[in-house]
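Working through the structure, step by step
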Amino acid sequence: MGAGEHPSAHVATLRDYLHVVRRRKWVVLQALVLVPAAAVAFSLHQQKLYRASAQVLLSSQNLAAQLTGTQSTGINLQPDRIAQTQADVARVPLLAERVLKAVPGTTLTPQDFLDSSSVSTATNADLLGFSATNHDPALARRLVDAYAAAYTAYRRQLDTASIQKALAGVNRRISAMAKAHQSRTALYASLVDRQQTLQTMEALQTSNASVVQQADRVVQTQPKTTRNGILGVVLGLVLGLGLAFLWEALDTRVRSAEEISERLGGLPLLARLPAPPR
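The structure reproduced in this document is the subject of the present report. Because the structure is predicted, anything quoted here is derived from the model rather than measured. (Residues numbered from 1 in each chain as written. Predicted model: local features only at pLDDT ≥ 70, side-chain atom pairs only at ≥ 80, totals over all residues. Heavy atoms only, no water.)

Quick look at the overall build of the protein chain
Scanning the protein chain from N- to C-terminus turns up 10 helices and 5 strands. Buried residues in the protein chain amount to 27% of all 278 residues. Taking as baseline every contact in the protein chain between residues at least 6 positions apart, the subset at least 24 positions apart corresponds to 77%. About 18,700 Å² of surface is accessible on the protein chain, with carbon and sulfur atoms providing 58% of the total. (Helix = DSSP H or I, 4+ residues; strand = E, 2+ residues; numbered from the N terminus. Buried < 20%, exposed > 50% of the residue type's maximum accessible area, 1.4 Å probe, protein only. Contact = heavy atoms within 4.5 Å. Areas by Shrake-Rupley, 256 points an atom, 1.4 Å probe, with all protein chains shown as cover.)

Brief notes about the packing of aromatic side chains
Overall, the coordinates contain 3 aromatic pairs when judged by the stated rule. Every member of this aromatic cluster is reached through a ring pair, and the members are Phe-113, Phe-130, Tyr-147 and Tyr-151. Sitting over the ring of Trp-247, Arg-24 keeps its end group 4.9 Å from the ring centre. (Phe/Tyr/Trp six-rings, centres within 6.5 Å; stacked < 30°, edge-to-face > 60°. Lys NZ or Arg CZ within 6 Å of the ring centre and 35° of its normal.)

Remarks on the packing of helix α5 (residues 93–102) against helix α7 (residues 137–179)
Relative orientation of the contacting elements α5 and α7 amounts to 130°, with a least axis distance of 9 Å. One finds that α5 runs oblique with respect to α7. For α5 against α7, the interelement crossing comes out right-handed. From α5, Leu-94, Leu-95, Arg-98, Val-99, Leu-100 and Ala-102 reach across to α7, where they touch Leu-143, Ala-146, Tyr-147, Ala-150, Tyr-151, Tyr-154 and Gln-157. Classifying every residue of the contact of α5 with α7 gives 11 nonpolar, 1 polar and 1 charged. (Axes fitted to C-alpha atoms, helices over the stretch in contact; angles between N-to-C directions. Parallel < 35°, antiparallel > 145°, perpendicular 65-115°, else oblique. Left-handed = near helix turned anticlockwise from the far one by under 90°. Nonpolar A, V, L, I, M, F, W, Y, C, P; charged D, E, K, R; others polar.)

Here's the deal with the pairing of strand β1 (residues 49–58)
Across the two faces of β1 the burial differs, with Tyr-50, Ala-52, Ala-54, Val-56 and Leu-58 buried and Leu-49, Arg-51, Ser-53, Gln-55 and Leu-57 not buried at all. With 4 bridges joining them, β1 and strand β5 (residues 218–222) adopt antiparallel strand pairing. Considered in β5, the bridge of Leu-49 is made with Gln-222. Two elements, β1 and strand β3 (residues 127–134), share 8 bridges in a ladder whose sense is antiparallel. (Pairing = 2+ DSSP bridges.)

Overview of the pairing of β3
Of all 8 residues in β3, 6 are buried, a share of seventy percent or more. Pairing of strand β2 (residues 117–121) with β3, which is carried by 5 bridges, proceeds in the antiparallel orientation. Directly across from Thr-121, in β3, lies its bridge partner Leu-128. Taking the residues between adjacent antiparallel strands as the criterion, β2 and β3 are bridged by 5 residues, where Asn-124 takes a positive phi near 60°.

Put into structure tokens, the structure is as follows:
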């Protein structure tokens, strides 16, 4: 070997890796058993939870505005923004209180219900997805159905608030003119027409949100023992192999003549001692 030359570095092969796994097989096997066992044990100690879902259809038509010939506010908004806004509206604490009043005896607080429920928007569809999670599957269905119904009622209340306020004012004026014996005047007739228009507008606002699918089934969300067991096997295998190779890297013992030759700088092997008799 000339001056300045260095022995070629040993390149690990698949056989070397397999030898490491064989030497450290007990480390791999222990991780492969203990990690899945811990995952399954954790799953078995989890409380069972069930999720029920319902869907609400959002209407993009404003029949009241079409009837009166007025411009609908927010008509130029993107549909996804409208749906997301309604999903945020459905998360107000007032709705949670109404749901719990409709389903008494749950021992839940409004915040507990909000934490165990959700509202999501559908992709490319004017739909809101309502879900509720509970340890009782029947109660989960009742809660989500009450949630969807409470939202549609609350949406109608918001949409008709201004109409109801205007209608109440018209009704007071009509009542006052009737008591004053002014029911034959042109003003009284115009107020009656206005009253009928407002009543029609209020009725048409009910189509802005409607429940299209109630909770017909429940899905167990916790525990998922099979899934956790499979993930535990994968994690245990990765952890076991990692510990095996780490142990091998930290172990400085020499096991073969070839390793001695490599550690002596690539010097040729001059002799080999026979293995001692057992």
